[in-house]
2 protein chains.
Amino acid sequence: MLKKERHDFIMRQINLHNRVLTSDLVQLLNVSEDTIRRDLQELVDENLLYKVHGGALSKSYHSSFDDSTVYARDSKIAIGKKAVQLIKDGMVVLTGGGTTILEFVKRLPQGLSATFFTISPLVAVELAKYNNIEVILIGGLFSKNSQVTYGGQVITQLSEIKADLCLMGTSAIHPDEGLTDTYWEINQLKKAMLACAKKTAVLCISEKLDIALRLRVCPIESISYLITELDLDHESLSRYRAKELNIL
Amino acid sequence: MLKKERHDFIMRQINLHNRVLTSDLVQLLNVSEDTIRRDLQELVDENLLYKVHGGALSKSYHSSFDDSTVYARDSKIAIGKKAVQLIKDGMVVLTGGGTTILEFVKRLPQGLSATFFTISPLVAVELAKYNNIEVILIGGLFSKNSQVTYGGQVITQLSEIKADLCLMGTSAIHPDEGLTDTYWEINQLKKAMLACAKKTAVLCISEKLDIALRLRVCPIESISYLITELDLDHESLSRYRAKELNIL
DNA sequence: AATTTTATCGCACAAACACGCATAAAAACG
DNA sequence: CGTTTTTATGCGTGTTTGTGCGATAAAATT
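The rules behind the values
Residues numbered from 1 in each chain as written. Chains lettered and ligands numbered in written order. Predicted model: local features only at pLDDT ≥ 70, side-chain atom pairs only at ≥ 80, totals over all residues. Heavy atoms only, no water. Helix = DSSP H or I, 4+ residues; strand = E, 2+ residues; numbered from the N terminus. Buried < 20%, exposed > 50% of the residue type's maximum accessible area, 1.4 Å probe, protein only. Contact = heavy atoms within 4.5 Å. Areas by Shrake-Rupley, 256 points an atom, 1.4 Å probe, with all protein chains shown as cover. Buried area = accessible area lost by both parts, 1.4 Å probe. Salt bridge = Lys/Arg side-chain N within 4 Å of Asp/Glu carboxyl O. Polar contact = N/O pair within 3.5 Å; in protein donor to acceptor, adjacent residues only side chain to side chain. Near = heavy atom within 4 Å. Nonpolar A, V, L, I, M, F, W, Y, C, P; charged D, E, K, R; others polar. Domains from an automatic or database assignment. pLDDT = per-residue confidence, 0-100. Pairing = 2+ DSSP bridges. Axes fitted to C-alpha atoms, helices over the stretch in contact; angles between N-to-C directions. Core = buried A, V, L, I, M, F, W, Y, C linked by side-chain atoms within 4.5 Å.

Draft legend 1. Representation of the overall build of chain A within the structure. Each helix and strand counted, chain A has 10 helices and 15 strands in total. Over its C-alpha atoms, taken along the principal directions, chain A stretches across nearly 60 × 40 × 30 Å. Taking all 248 residues of chain A together, the buried fraction comes to 53%. Across chain A, every contact between residues at least 6 apart in sequence was considered, and the portion connecting residues at least 24 apart equals 60%. About 11,300 Å² of surface is accessible on chain A, with carbon and sulfur atoms providing 48% of the total.

Printed below as a string of structure tokens:
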């Protein structure tokens, strides 16, 4: 392999994952650590990346990437980390959209090998950064509000899927009313998603607890895991703890 | 073997494999290293390839890396503006992916009312910013390299669509060889896209002109519009002007 | 503080390269 | 036709570049 090709490869990895480990590159490219270090140094000289102990970072990662505008980002990161624990190698996972799911995806382990179905283009793009994850985007009408695909076609396709786990964000959850929503189409969509997965995890920031909206998606019993940013023994969760529900 | 024949051979290798090693050429062509080096140098002087230590790379091999800063952005904006002229109210448009298409989408007029099918999640998200555009994302396997959906499911869905216009980016276009590509799946995809649209516009920055890759998508006659950033009377376009093709 | 991981430096060696020169075939010319 | 000029190629020699190895230093981890 030519040096230039190696450089291109490294830059592709960097642009894809925003970071790269020296040790990974050694394996992937089958050259010595010295060579990788020299490559990285040369790319630094060309001002194409930042070098750090153990690997390198994308230049654009720090400057142009601004997700600080995400509402309650810290909570969502905490939820994302917890959700990652549910994912094992070889699983088939179905996800919805939303910023919480996105934070979850960003925190998946690099080497994970799994199959992900998703109705969110943004989630698909983020998932594509993992080499060993197969990503299937479910197509259909694209919703301008919630940035996911919806409609009859989506529901038809969902009915053909059998997933081990479904991860979804939520608009509202209530200990008695269960999962609820405001829009008919989204409601239908969530029902279909639930129906095709063995287990369901709901990702939910604490401020959406104890709220019930107009349309019912499912009772609380249909949910396998509730993941919030709160401690397990937090008072707000007591009424959920009583139910048949794993709380993370 | 004549020098010209050798040059042609080298260019063919480059366009086919994106790269070539000096040592391989020595063997294949049965000449000394010096001769190969001189050949490569001459091809560099003609601006036909990129020479590196150990061999040479295709000029158009910018393909999938360089994500952070859009390559040749100004050209792509110019192309996008031209392409917008083809879009009228009420049209059904099918688009591929890529940075050129994205620049096109960003330049659509605000009030436009139309239906867009797309295989690119990023394009879908961008299109969703227009209130009167209905966006349908075609789902399927998601390609990590080209960031579009592909595979059997996509092709099946495409076969059910009838679009007025198909807009696609391109890897390579050649006056005699037509549209060509390197990957089988993308090749199949483009064929399917062409098949379901009444007219096709190819968006192509000038440096991808006159290049032929391994797999053929369609002859030049199947294309309705060729859109580049060049002036209409630019010399590089003369060989395309001869064909049945609208040049913008 | 001890241990492991990652970096840095100098060196060695092979592969790739540039340059001048020699040769020979092809082309141009009287 | 013979001579000169041009072009194309290969060889020898010295140089540069790319890569890996070992020893040592620095950083992270325990």
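Draft legend 2. Quick look at the interface of chain A and chain B. Across the boundary between the two partners, chain A contributes 32 residues, which contact 36 residues of chain B. When chain A packs against chain B, the two sides together hide about 2,800 Å² of surface, and 63% of this comes from carbon and sulfur. In this assembly, chain A and chain B are joined by one salt bridge. Where B:Arg19 meets A:Glu5, a salt bridge forms, and the shortest distance between an N and an O atom there is 3.3 Å. For the pair chain A and chain B, the interface holds 11 residue pairs in polar contact (both at pLDDT 80 or more). Sorting the residues of the side of chain A that touches chain B by element identifies α1 (3–17), α7 (121–127), β6 (133–137), β7 (140–142) and α8 (152–158) of chain A as the ones contributing at least two each.

Draft legend 3. View of the protein's contact with DNA strand D. Around DNA strand D there are 16 residues in total, and A:Arg6, A:Thr35, A:Arg38, B:Arg6 and B:Thr35 lie nearest to it. Here DNA strand D approaches the protein such that, of its atoms within 4 Å, sugar and phosphate make up 60%. With respect to DNA strand D, the side chain of B:Arg38 contributes an N or O atom lying 2.9 Å from a base nitrogen. Where the surface near DNA strand D is concerned, the elements lending two or more residues are α1 and α3 (33–45) of chain A together with α1 (3–17) and α3 (33–45) of chain B. The residue inventory of the surface near DNA strand D, partitioned by class, reads two nonpolar, six polar and eight charged.

Draft legend 4. Highlighting unusual backbone geometry. Residues and elements named next belong to chain B. Positive phi is not limited to glycine here, since Gln-147 has a value of about 55 degrees. Along the chain, Gln-147 turns up in the loop between β7 (140–142) and β8 (149–150). By relative accessible area, which is 18% here, Gln-147 ends up buried. Positive phi, normally seen in glycine, also occurs at Asp-210, with a value near 65 degrees. Here Asp-210 is to be found in the loop between β12 (197–203) and β13 (215–218).

Draft legend 5. Looking closely at the protein's contact with DNA strand C. Among the 16 residues in the neighbourhood of DNA strand C, the closest are listed as A:Arg37, A:Gly54, B:Asp34, B:Arg37 and B:Gly54. Across the atoms of DNA strand C situated within 4 Å of the protein, the share located in sugar and phosphate is 78%. Between a phosphate oxygen of DNA strand C and a side-chain N or O atom of A:Arg37, the distance comes to 2.6 Å. Contacts to DNA strand C include A:His53, whose side-chain N or O atom sits 3.4 Å from a sugar or linking oxygen. When contributions to the surface near DNA strand C are tallied by element, the ones reaching two or more residues are α3 and β2 (49–52) of chain A together with α3 and β2 (49–52) of chain B. Considering only residue class, the surface near DNA strand C consists of two nonpolar, eight polar and six charged.

Draft legend 6. How the structure looks around the domain arrangement of chain A. Residues and elements named next belong to chain A. By domain assignment, chain A separates into domain 1 (3–63) and domain 2 (73–247). Here domain 1 and domain 2 have C-alpha centroids that lie 34 Å from each other. Regarding the contact of domain 1 and domain 2, the summed buried area is about 390 Å², with carbon and sulfur atoms giving 41% of it. Of all residues in domain 1, the largest losses of buried area upon contact with domain 2 belong to Leu-16, His-17 and Arg-19, amounting jointly to 78% of the total for that side. Linking domain 1 with domain 2 are zero salt bridges, by the criterion used here. The tally of links from domain 1 across to domain 2 stands at zero residue pairs in polar contact (both at pLDDT 80 or more). When residues of the side of domain 1 that touches domain 2 are assigned to their parent elements, the largest contribution, three residues, is made by α1. When the residues that make up the side of domain 1 that touches domain 2 are grouped by side-chain class, the tally is one nonpolar, three polar and one charged.

Draft legend 7. Broad picture of the confidence of the model for chain A. For chain A, per-residue confidence averages 89 on the pLDDT scale, and residues scoring 70 or more make up 96% of the total. For chain A, per-element mean pLDDT is lowest for helix α4 (residues 59–63) of chain A, which scores 58, and highest for strand β4 (residues 92–95) of chain A, which scores 97.

Draft legend 8. Main features of the sheet that holds strand β3 (residues 55–58) of chain B. Residue and element names in this part refer to chain B. Taken in spatial order, the three strands of this open sheet run β1-β3-β2, and their pairing is antiparallel. Since the sheet does not close on itself, it has two edges, and those belong to β1 (19–21) and β2, each with one partner. The mean inter-strand angle of the sheet, taken between neighbouring strand axes irrespective of direction, is 20 degrees. With four bridges connecting them, β2 and β3 associate as antiparallel partners. Its bridge partner lying in β3, Tyr-50 is registered against Leu-57. Contacting β1, β2 and β3, α1 crosses the sheet at an angle of about 125 degrees to β1. Its contacts with the sheet place helix α2 (residues 22–29) against β1 and β3, and it is angled at close to 70 degrees to β1.

Draft legend 9. Looking closely at the nonpolar core. Counting residues in each nonpolar core, the largest one holds 64 residues, and the members touching the most others are A:Phe104, A:Leu108, A:Phe116, A:Leu167, B:Phe104, B:Leu108 and B:Leu167. Beyond its immediate chain neighbours, meaning those up to four positions away, B:Leu167 contacts B:Ala83, B:Ile87, B:Val93, B:Leu94, B:Thr95, B:Gly96, B:Ile101, B:Phe104, B:Met193, B:Ala201 and B:Leu203. Counting 35 residues, the second-largest nonpolar core is a separate cluster that includes B:Ile136, B:Val154, B:Cys166 and B:Leu237.

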